[in-house]
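# Per-entry structural report
Next come the chains, spelled out residue by residue.
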There are 2 protein chains.
Amino acid sequence: MKGKQLNETHITAVRVIDLRFPTSRSHIGSDAVNKDPDYSAAYCILETNTGLEGHGLTFTLGRGNDLVVQAVRYLSRYVVNRSLDSITSDLRGFARQLTDDTQFRWLGPEKGVIHLATGAILNAVWDLYARVEGKPLWKLLAEMEPRELVKAIDFRYIDDALNEQEALDLLTERRDCQKTRLALLERQGYPAYTTSVGWFGYSEEKIRRLAREALAEGWTHFKLKVGGEPADDLRRGHIIREEIGWTNKMMVDANQKWGVLEAIERTRQLAELKPWWMEEPTSPDDILGHARIRHEVPQVRIATGEHVHNRIMFKQMLQAGAIDVLQLDSCRVAGVNENLAILLMAAKFNVPVCPHAGGVGLCEYVQHLSAFDYLSVSTSLEDRVIEFVDHLHEHFLTPVHIRQGHYLLPMEPGYSIQIKQDSLTQFAYPDGEIWQEAFEEARSNGRA
Amino acid sequence: MKGKQLNETHITAVRVIDLRFPTSRSHIGSDAVNKDPDYSAAYCILETNTGLEGHGLTFTLGRGNDLVVQAVRYLSRYVVNRSLDSITSDLRGFARQLTDDTQFRWLGPEKGVIHLATGAILNAVWDLYARVEGKPLWKLLAEMEPRELVKAIDFRYIDDALNEQEALDLLTERRDCQKTRLALLERQGYPAYTTSVGWFGYSEEKIRRLAREALAEGWTHFKLKVGGEPADDLRRGHIIREEIGWTNKMMVDANQKWGVLEAIERTRQLAELKPWWMEEPTSPDDILGHARIRHEVPQVRIATGEHVHNRIMFKQMLQAGAIDVLQLDSCRVAGVNENLAILLMAAKFNVPVCPHAGGVGLCEYVQHLSAFDYLSVSTSLEDRVIEFVDHLHEHFLTPVHIRQGHYLLPMEPGYSIQIKQDSLTQFAYPDGEIWQEAFEEARSNGRA
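Residues numbered from 1 in each chain as written. Chains lettered and ligands numbered in written order. Predicted model: local features only at pLDDT ≥ 70, side-chain atom pairs only at ≥ 80, totals over all residues. Heavy atoms only, no water.

Attention now moves to the relation of the copies chain B and chain A. A rotation about an axis combined with a shift along that same axis relates the two copies of the chain. Turning chain B through 180° and shifting it by 0.0 Å along the axis lays it on chain A, with an RMSD of 0.0 Å. Here the copies are linked by what is in effect a two-fold axis. Among all C-alpha atoms of chain B, that of Gly112 of chain B lies closest to the rotation axis, at 2.3 Å. Comparing interface residues between copies, 100% of those in chain B also sit at the interface in chain A, which points to an isologous, same-surface contact. (Least-squares fit on C-alpha atoms with pLDDT ≥ 70 in both. Contact = heavy atoms within 4.5 Å.)

Taking the UniProt record as the reference, the feature "domain: Mandelate racemase/muconate lactonizing enzyme C-terminal" (unreviewed entry) is found at residues 204-300 of chain A. In this annotation, residues 204-300 of chain A is assigned 51% helix and 12% strand; the end-to-end C-alpha distance for the span is 24 Å. (UniProt positions renumbered as here; feature names shortened; annotations may be inferred. Helix = DSSP H or I, 4+ residues; strand = E, 2+ residues; numbered from the N terminus.)

So, on to the packing of helix α7 (residues 164-173) of chain A against helix α14 (residues 335-349) of chain A. Between two packed helices, what matters for the description is the angle formed by their axes and the separation of those axes. Residues and elements named next belong to chain A. Two elements in contact, α7 and α14, have axes whose closest approach is 11 Å; the angle formed by their N-to-C orientations is 75°. Taken together, the axes of α7 and α14 lie roughly perpendicular to each other. Listed contacts from α14 to Glu166, Ala167, Leu170 and Leu171 of α7 are Leu344, Ala347 and Lys348. Considering only residue class, the contact of α7 with α14 consists of five nonpolar, no polar and two charged. (Axes fitted to C-alpha atoms, helices over the stretch in contact; angles between N-to-C directions. Parallel < 35°, antiparallel > 145°, perpendicular 65-115°, else oblique. Nonpolar A, V, L, I, M, F, W, Y, C, P; charged D, E, K, R; others polar.)

Accessible area lost upon the coming together of the parts serves often as the stated size of an interface. Contacts between the two partners involve 62 residues from chain B, matched on the other side by 62 residues from chain A. Both sides together, the interface formed by chain B and chain A hides about 5,300 Å², and carbon and sulfur atoms give 55% of it. Counting the contacts that link chain B with chain A gives six salt bridges. Lys315 of chain B is the salt-bridge partner of Asp286 of chain A, the closest N and O atoms lying 2.4 Å from each other. (Buried area = accessible area lost by both parts, 1.4 Å probe. Salt bridge = Lys/Arg side-chain N within 4 Å of Asp/Glu carboxyl O.)

Turning to the domain arrangement of chain A, a few remarks are in order. Residues and elements named next belong to chain A. Assigned domains within chain A: domain 1 (2-135 + 423-444) and domain 2 (170-417). Taking only C-alpha atoms into account, the centre of domain 1 sits 24 Å from that of domain 2. Listed as interface residues are 40 residues of domain 1 and, on the opposing side, 36 residues of domain 2. At the boundary of domain 1 and domain 2, one finds one salt bridge. The partner of Arg311 in a salt bridge is Glu110, with the nearest N and O atoms 2.5 Å apart. (Domains from an automatic or database assignment.)

Turning to helix α11 (residues 260-270) of chain A, its buried residues number three or more, namely Val260, Ala263, Ile264, Arg266, Thr267 and Leu270 of chain A. Where the residues of α11 of chain A are buried, they touch α10 (230-244), β7 (249-253), β8 (278-279) and α12 (287-296) of chain A together with α13 (311-319) of chain B. (Buried < 20%, exposed > 50% of the residue type's maximum accessible area, 1.4 Å probe, protein only.)

All names here are of chain A. The topology assignment puts Thr195 in strand β5 (residues 190-198). Accessibility expressed as a relative area gives 0% for Thr195, which makes it buried. Once residues lying within four places of it in the same chain are set aside, the contact partners of Thr195 are Lys223, Lys225, Glu387, Phe388 and Val389.

Each aromatic ring pair is described using two quantities: the centre-to-centre distance and the angle formed by the ring planes. One pass over the structure, following the stated rule, counts 26 aromatic pairs over all chains. Geometrically, the ring pair formed by Trp219 of chain A and Phe388 of chain A is stacked, given 5.6 Å between the ring centres and 10° between the ring planes. Of this pair, Trp219 of chain A sits in the loop between α9 (204-216) and β6 (221-225) while Phe388 of chain A sits in strand β11 (residues 386-388), and the two are 169 residues apart along the sequence. A relative accessible area of 5% places Trp219 of chain A in the buried class. With a centroid separation of 4.3 Å and an interplanar angle of 45°, the aromatic rings of Tyr365 of chain B and Tyr415 of chain B are classed as tilted. Of this pair, Tyr365 of chain B sits in helix α15 (residues 362-377) while Tyr415 of chain B sits in the loop between β13 (406-407) and α16 (421-426); the two residues are 50 residues apart in sequence, bridging distant segments of the chain. For Tyr365 of chain B, a relative accessible area of 0% gives the class buried. A network of ring pairs unites the aromatic residues Tyr39 and Phe59 of chain A together with Trp106 of chain B as a single cluster. Taking NZ or CZ as reference, Arg20 of chain A lies 3.8 Å from the ring centre of Tyr429 of chain A, over its face. Directly above the aromatic system of Trp106 of chain A lies the positively charged group of Arg332 of chain B, at a separation of 4.8 Å from the ring centroid. (Phe/Tyr/Trp six-rings, centres within 6.5 Å; stacked < 30°, edge-to-face > 60°. Lys NZ or Arg CZ within 6 Å of the ring centre and 35° of its normal.)

Moving on to the packing of α11 of chain A against α12 of chain A. Residues and elements named next belong to chain A. Where α11 contacts α12, the two axes come as close as 10 Å, and the packing angle between them is 30°. Accordingly, the angle class assigned to the pair α11 and α12 is roughly parallel. As α11 runs across α12, the sense of the crossing is right-handed. Along its contact with α11, which presents Val260, Leu261, Ala263, Ile264, Thr267 and Arg268, the element α12 presents Gly289, Arg292, Ile293 and Glu296. (Left-handed = near helix turned anticlockwise from the far one by under 90°.)

Moving on, we come to the nonpolar core. Counting 305 residues, the largest nonpolar core has Trp126 and Leu326 of chain A together with Trp126 and Leu326 of chain B as the members making the most contacts within it. Once residues lying within four places of it in the same chain are set aside, the contact partners of Leu326 of chain A are Thr304, Phe314, Leu318, Ile342, Ala346, Val351, Pro352, Val353 and Cys354 of chain A. (Core = buried A, V, L, I, M, F, W, Y, C linked by side-chain atoms within 4.5 Å.)

Looking now at the state of the cysteines. All names here are of chain A. If you walk through the whole model with that rule in mind, you get zero disulfides over all chains. There is no disulfide at Cys331, and the cysteine sulfur nearest it, in Cys44, is 11 Å away. Look at Cys331 and you get buried, because its relative accessible area is 1%. (Disulfide = S-S within 2.5 Å.)

Take the layout of surface pockets next. Using a probe with the size of a water molecule, rolled over the atoms, empty space left in the structure can be pinpointed. Residues and elements named next belong to chain A. Counted as a void, the largest pocket has a volume near 320 Å³. Lining the largest pocket are 18 residues; nearest its centre among them are Thr194, Ser196, Glu217, Trp219 and Asp390. When contributions to the lining of the largest pocket are tallied by element, the ones reaching two or more residues are β5, α9 and β12 (402-403). (1 Å grid on protein atoms, 1.4 Å probe; cavity = no way out; pocket = protein on both sides within 12 Å on 5 of 7 lines; lining within 4 Å. Points joined across faces, edges and corners; volume = space filled by probe spheres on them.)

All names here are of chain B. Tracing the backbone through its elements, the reader meets Val325 in strand β10 (residues 325-326). With relative accessibility at 0%, the residue Val325 sits in the buried group. Each C-alpha atom, one on Val325 and one on Arg301, is 7.4 Å from the other, the two residues being 24 residues apart in sequence. Setting aside chain neighbours within four positions, we find Val325 in contact with Trp277, Arg301, Ile302, Ala303, Thr304, Val351, Pro352 and Cys354.

Attention shifts here to the sheet that holds strand β2 (residues 40-48) of chain B. Residue and element names in this part refer to chain B. Strand order in the open sheet formed by four strands is β3-β2-β1-β4, with antiparallel pairing between adjacent strands. Each edge of the open sheet is held by one strand with a lone partner, namely β3 (53-60) and β4 (82-83). Here nine bridges tie strand β1 (residues 10-20) to β2, and the two strands are oriented antiparallel to one another. Following the sheet pairing, Ala13 is matched in β2 by Glu47. (Pairing = 2+ DSSP bridges.)

Printed below as a string of C-alpha cells:
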C-alpha cells in the first residue's frame, strides 16, 4: 500500500496526551535511583487532511510528564498548517526550528524537558513520513539516498568529529551488501538482551525464577540492576550466574548511583561477576569521569547513554574514549534526526550502539534504529544487542515481536509507536479511568 | 534588625508568578543567537507564619517561562509546611530532595527546566534564611562556619575533583584577613563590566555613543556581542576600541554561535581586537571543544558558563583546562548551594569566576556570590569582574548600586531579589496590564 504523496499531506492539528501507566505498584522498572517509576509518555498525534496520522511519544517516569506535554503543545506551532513535504524536503531545517526557537532555547539548549518534547514531535513526523511512503521506518531510512540522509542531520557542534562529507562517504561506502544483511535480519532478527529479570525491587527468589524462565525462552544476555550494598549486589549477581552459567552474558547497571571514585571501586568489585558491561556507573554528564573509570578498570567495558542528552555529549564520550558501548535513547535526544548523527559518529569511532529500551514504546522505536544501523551504518552485529523489557507492549497496535532473544523485523508502515485508542483513553492522566479509580482508592484509604 | 528564630519560622505556602518584560521591543539583550528575548522570570514567594517572605526567581527569555513556573509549583511540595530550620539544618539534604524526586528526575537529571525551577526555590530559601538572620546573603555566607558551609554542598559526582574535606580545608585556611577584604569591598565595591554598550541589535552609531557614555561614567571593561559577518564583528569592535582605547578592556561574546572549528578560526580573527576574553565561542555542552579552542588559540582567554547546567559540567571544564574564566549563573544551576560548589572548585583550580548577569535580577543575585567569593573563597579580585547590564533594575525593591564601574556592597537583609508588588502585578503573564495592552494592540494591528 503505497501512501499518498508527501505534498498532498497537510498537517492540520496536533493532539497531545498525558499518558501514564501505574507501573510503580509492581516495582516494574525499579533501580537504584529510579525507585518507583510510573512509566509515562507525552504522546502526540499529527492529524492530516488525508486521514493518515503521525504518532510520536517521549518516555518519562510519571510526575513532570505534564511539563513535556505542555512543551510539545508549544512546539506544535512549527508543524501545524504545513505540508509534509515542506518538512521532509528540509529535515535539518525543520529540526532546527524546534531546537532554535529564540526564546524557548534558553530552557536548554537541546536538553531536558524541551529536548524531550522535540523528540516526540520529530519522531511523529518520521512516523507520518514512513506511513505516507508505505514503509516501516527502518526501510525508509535504509532506502534513502545517502545525500538525503545527511540532509536530515544537524552537524552544528559536531563537525569537529564528523562533518557532512565524512558522513556521506561513510554511508556511500557501506551500501555494499545491504541485501545480504537484510536477508539475515529477515531470517533471524536483531539480537536482544533482557532487563526484565533483574529489577532492583525484585526479591532474590524472583530474580532466580525469572532468570531461569528467560534462559528457557532462548535469552543469552541478561541485565541486573546494582547499586545496593556491595554484598547484596554480588549475591544477586551470583544467583543469576548460577542460573545462566558463565558463557551467557550478564550486564550490570548502576543507574548513575555512584561518584567517579566509588564507581571505580564498585566496578572493580563487580568484575568478579564478569559483567559484559557496567552501565551508568556515574552521572551521565560526566564524560571525563566515564573515561577515567574505563581507564582505571580496563577489565570491564563501560556503557552509558540513556540519559546522555544530545549529540554534543555523545561526541565527547567518543572523543574522550569514555565508553565501550553507546546506549542511545530514541526520544531523549531530538528524535530520528539526532540519532542519525549519533549512529554515524559511533560508526566512525567504531563503538557499538546498543540502544536503551523498555519504558513505554522504547523497544518499539529502537528496533528500527538498530535495523537501520546494521543495514546502512555499522554493518555489523558484533557486540550489539538491543535492550528488551517485557511490559506494556499490549498497549501498542503493532508491538515488537521477540523470538529466541531476537527482535523480528517490523514490517508495518511507520515507526511502530501507535498506542491503541482504548489505552490512550484509559491511561490518560488524570482523567482516564485507571487514574480516577486510583484516586478514588486513595481517597477511600485516606478515610479508613 | 535581627530576625525571628529559624525554628519559629514555618513556610505556609508558595506563590509562583509568571513574570515577563517585553524587552524584545527595543532589542535589549539581543545577540547572535538570542535575537528577541522578553526577559522573564519564574518568580516564587515563600510565605511564612511570621510575615517574613522568601523571594526567589529563575531567569528565562520569555516563551517557556510557564514550564518553569509549573515546575516550581510542583517542587513547592518539598518546602511547604516545613519549619525553616528543618531546611537550614540540612541544606544538602534539602537540595537533594529537589534534585532527586524519583520521577521528576528523569526530565534532567539536574538540567533544563526542572533544574532552573530548583534554582528558584533554593534561592528563595536562602533569601528567607538571610532575612531571618537579618543579614545580606553575602554576609550570612561569609559568617557561616566552614563546616556549616560545606554541609550545604552536594559533593556527589564532584568528589573526584573536590571532596568535603578539601573544601573545608580551603575555607578554613582562607578565613585569614577577611576583615581587610571586607573593608576594601565596603570602600570601593566589587569591580564590574558593562554589556549594555554592545548588543547585537544595536546600530554602530548607538554602540559608539554608548561606549563613549559608559567610559565617561567610569567603566573600564566593555563587552561586545559578535557572531555576525566577520567584517561586521571586526568593524564594530574597532568602533569600541576607538572610543575606549587599548588600555581599557574589551570582551567579545559569540553566544554559542559557532562549531569548534569555526570558533577557532573566528577567535583567531578577533584576536586583532585584543579581547580580554572570548565568551561562549561554541556549545556550552562542549567541554572538549572549549579545551581545543583554548589550546589552539592561546592568545585569547576563553570564557563560558551562563548555559553550563550544573556542577558536574563545570567540574569537567576545570579538569579539562577548557576555560580561563568561569561565568557561573545564579539560577541556571541549583541556586546558592550548587554555586558554593562551583566557587570552591574554581578556587581549587585557580580559575577566576566572573558571573553572568543581566536579564532579570541576575545582577542583584550575583553581587552577593562574588562578594562572598572574594571574602571567603578566592580571596582575590585579580582578573575578576561581575557583568552589569543596565535595565529592569527599577523593578527591584533594593536594586544594585553601581559607582565608577563597581558594585557597591548590598546591606539590606536577604538576597536583593524582591520585585515591587506593582511590577509583579503589571508584568504578570498573560493577565498583567502590560501584556493585556500588548495583546489588544496586536489585535488592533491584525484588524488594520
